[in-house]
There are 2 protein chains.
Amino acid sequence: MDSARPRPLAEANPFPETIDPRLRRQLTFLIEADRLKTVLRQSPLAAADRRENDAEHSWHLALMALVLAEYADEEIDLGRVIALVVVHDLVEIHAGDTPIYDAVMAADQQERETAAAELLFGLLPADQAAAVRALWDEFEAEQTPEARFAKAMDRLEPLLLNWMARGGTWRTQGVTADDSRARKAVIANASASLWRAGKELIDESERRGWSRPGRPAAPPPGRPSR
Amino acid sequence: MDSARPRPLAEANPFPETIDPRLRRQLTFLIEADRLKTVLRQSPLAAADRRENDAEHSWHLALMALVLAEYADEEIDLGRVIALVVVHDLVEIHAGDTPIYDAVMAADQQERETAAAELLFGLLPADQAAAVRALWDEFEAEQTPEARFAKAMDRLEPLLLNWMARGGTWRTQGVTADDSRARKAVIANASASLWRAGKELIDESERRGWSRPGRPAAPPPGRPSR
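Residues numbered from 1 in each chain as written. Chains lettered and ligands numbered in written order. Predicted model: local features only at pLDDT ≥ 70, side-chain atom pairs only at ≥ 80, totals over all residues. Heavy atoms only, no water.

K.L.:
Is there a simple way to explain the packing of helix H2 (residues 54–68) of chain A against helix H8 (residues 145–164) of chain A in this structure?
P.N.:
A pair of packed helices is captured by two measures, namely the crossing angle of their axes and the spacing between those axes. Residues and elements named next belong to chain A. Between H2 and H8, the least distance of the axes is 9 Å, while the angle of their chain directions is 110°. Viewed along their axes, H2 and H8 adopt a mutual orientation that is roughly perpendicular. Crossing angle aside, the handedness with which H2 passes H8 is right-handed. Touching His57, His60, Leu61, Met64, Ala65 and Leu68 of H2 are Phe149, Met153, Asp154, Leu156, Glu157 and Leu160, all from H8. The residue makeup of the contact of H2 with H8, split by class, is eight nonpolar, two polar and two charged. (Axes fitted to C-alpha atoms, helices over the stretch in contact; angles between N-to-C directions. Helix = DSSP H or I, 4+ residues; strand = E, 2+ residues; numbered from the N terminus. Parallel < 35°, antiparallel > 145°, perpendicular 65-115°, else oblique. Left-handed = near helix turned anticlockwise from the far one by under 90°. Contact = heavy atoms within 4.5 Å. Nonpolar A, V, L, I, M, F, W, Y, C, P; charged D, E, K, R; others polar.)

K.L.:
Looking at this model, I keep getting lost on the interface of chain A and chain B. Mind explaining?
P.N.:
Interface extent is often summarised as the accessible area lost during association of the parts. Taken together, the contact pairs 66 residues of chain A with 66 residues of chain B. Approximately 5300 Å² of surface area, both sides summed, lies buried where chain A meets chain B, with 71% of it carried by carbon and sulfur atoms. The three residues of chain A that bury the most area against chain B are Asn13, Lys37 and Trp59 of chain A, which together make up 14% of that side's buried surface. Summed over the shared surface of chain A and chain B, the result is six salt bridges. For the interface between chain A and chain B, the tally reads 32 residue pairs in polar contact (both at pLDDT 80 or more). Residue assignment for the side of chain A that touches chain B shows that the elements contributing at least two residues are helix H1 (21–32), strand E2 (51–53), H2, helix H3 (78–87), helix H7 (126–141), H8 and helix H10 (192–207) of chain A. The leading source of residues in the side of chain A that touches chain B is H2 of chain A, at eleven residues. (Buried area = accessible area lost by both parts, 1.4 Å probe. Salt bridge = Lys/Arg side-chain N within 4 Å of Asp/Glu carboxyl O. Polar contact = N/O pair within 3.5 Å; in protein donor to acceptor, adjacent residues only side chain to side chain.)

K.L.:
What am I meant to see in the packing of aromatic side chains here?
P.N.:
Working definition: an aromatic ring pair is given by the centre-to-centre distance plus the angle between the planes. Under the definition given, this model contains five aromatic pairs over all chains. With 5.0 Å between their ring centres and 65° between their planes, Trp163 of chain A and Trp210 of chain A make a pair best called edge-to-face. Here the residue Trp163 of chain A occupies a position in helix H8, and Trp210 of chain A occupies one in the segment after H10, the gap between them amounting to 47 residues. Each member of the aromatic cluster is reached from another via a ring pair, and the members are Phe15 of chain A together with Trp163 and Trp210 of chain B. (Phe/Tyr/Trp six-rings, centres within 6.5 Å; stacked < 30°, edge-to-face > 60°.)

K.L.:
How should I be thinking about the environment of Glu204 of chain A in this particular structure?
P.N.:
Within the secondary structure, Glu204 of chain A sits in helix H10. Spatially, the C-alpha atoms of Glu204 of chain A and Trp163 of chain A are 9.4 Å apart, while their sequence positions differ by 41 residues. Apart from residues no more than four positions distant in its own chain, Glu204 of chain A is found in contact with Trp163 of chain A together with Pro16 of chain B. Among the polar contacts made by the side chain of Glu204 of chain A, one reaches the side chain of Arg207 of chain A at a distance of 2.9 Å. A polar contact of 2.7 Å, which involves the side chain of Glu204 of chain A, links it to the side chain of Arg208 of chain A.

K.L.:
Please clarify how the packing of helix H6 (residues 109–121) of chain A against H7 of chain A should be interpreted in this entry.
P.N.:
Residues and elements named next belong to chain A. Closest axis-to-axis distance for the H6/H7 pair is 10 Å, and the angle between their directions is 155°. Considering the angle they form, H6 stands roughly antiparallel to H7. The handedness of the crossing between H6 and H7 is right-handed. Side by side, H6 and H7 meet where Glu113, Thr114, Ala117, Glu118 and Phe121 of the first sit next to Ala129, Val132, Arg133, Trp136 and Glu140 of the second. Residue classes in the contact of H6 with H7 are distributed as five nonpolar, one polar and four charged.

What follows is the structure, encoded as structure tokens:
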């Protein structure tokens, strides 16, 4: 497995040894993190005709948390919410983005992402590797008010982009408005009012024909169903 | 002036009126912020052969603050530092990026950015417009430990990218290593050790010929100097 380990970007041009070794490890990690800018998501931007990347997405979640914090149903430490969203997608540098509606990729998502976390966070000094890993684990587990709110931002942002695109990833093969409602319902764990708004966007998109109808389409007439 | 006011992106597809007006204003602002993903900076990415955009850059600063906070010479509220870097470039949506070495653009930078701030933050409910404006003002004024550290991240990040590019924007017409030292010295206001490392990168780049020599080049021989 070690032979397949991707070479850190900074190895192509190592930082001078006159820089303290701890700081050199941190800079090596921060340069490796640059790769997040190249991991493409499915979501279309509202401001340009291209897909969003993970770094832009993470920034957008941070800004959303700042503006929408007042809707949290529980007391939250906003600084911590923002820290969670800043690191939440880092593992995708080596594991890739797993689209929310992709059941095949979802099957081994956890395994891929855990391996990727060890690889990437392992570039940091051990104490910080553990600290960043703890932030990622907290986000994934959704057991704290901050993680629930961070996750709500992560679900709401592509919903807003899909609204602006009059469909976007809702046009993915086989996805229905009911699927969207099911995947987005975690927003309600953090904020009843944001989920009310999110559901309104899904409902209205369905009414306007921007997403497929609620239930999976019936098989074409004349073809026996199995 | 009002006729030149750019039309908010969300007006092309307004949010349903069933959503609370305050939240609708916030969502309209958050969609407008999507434009930050299209504002290009001069810095080359380390991970791909293209220039960085402001949204990616802002995310990278947030991650850097998280990893490098231990080097702050003053006590800092990390959550506030991250909030500052998340909003610090928003005004460039309407004012554009002003390259650090561009004296012509720098001349009216403040005026352009203040007008842009009013335009963009004005999409928010008044209380939040004031709060986000206050964050931006705090960053610009560099009068708090958090703003000084945020500004240090903003200066250090392109320095790291230039190092990885073996020159990058240091190859801009007329820029010398002394210019870099002068523009980057504000890092020292937040962290002596980060500035020591930053200066080491500039010095070593000069030694390796990745940036122009310290002082402006002498005129070619035989040509009278003025």
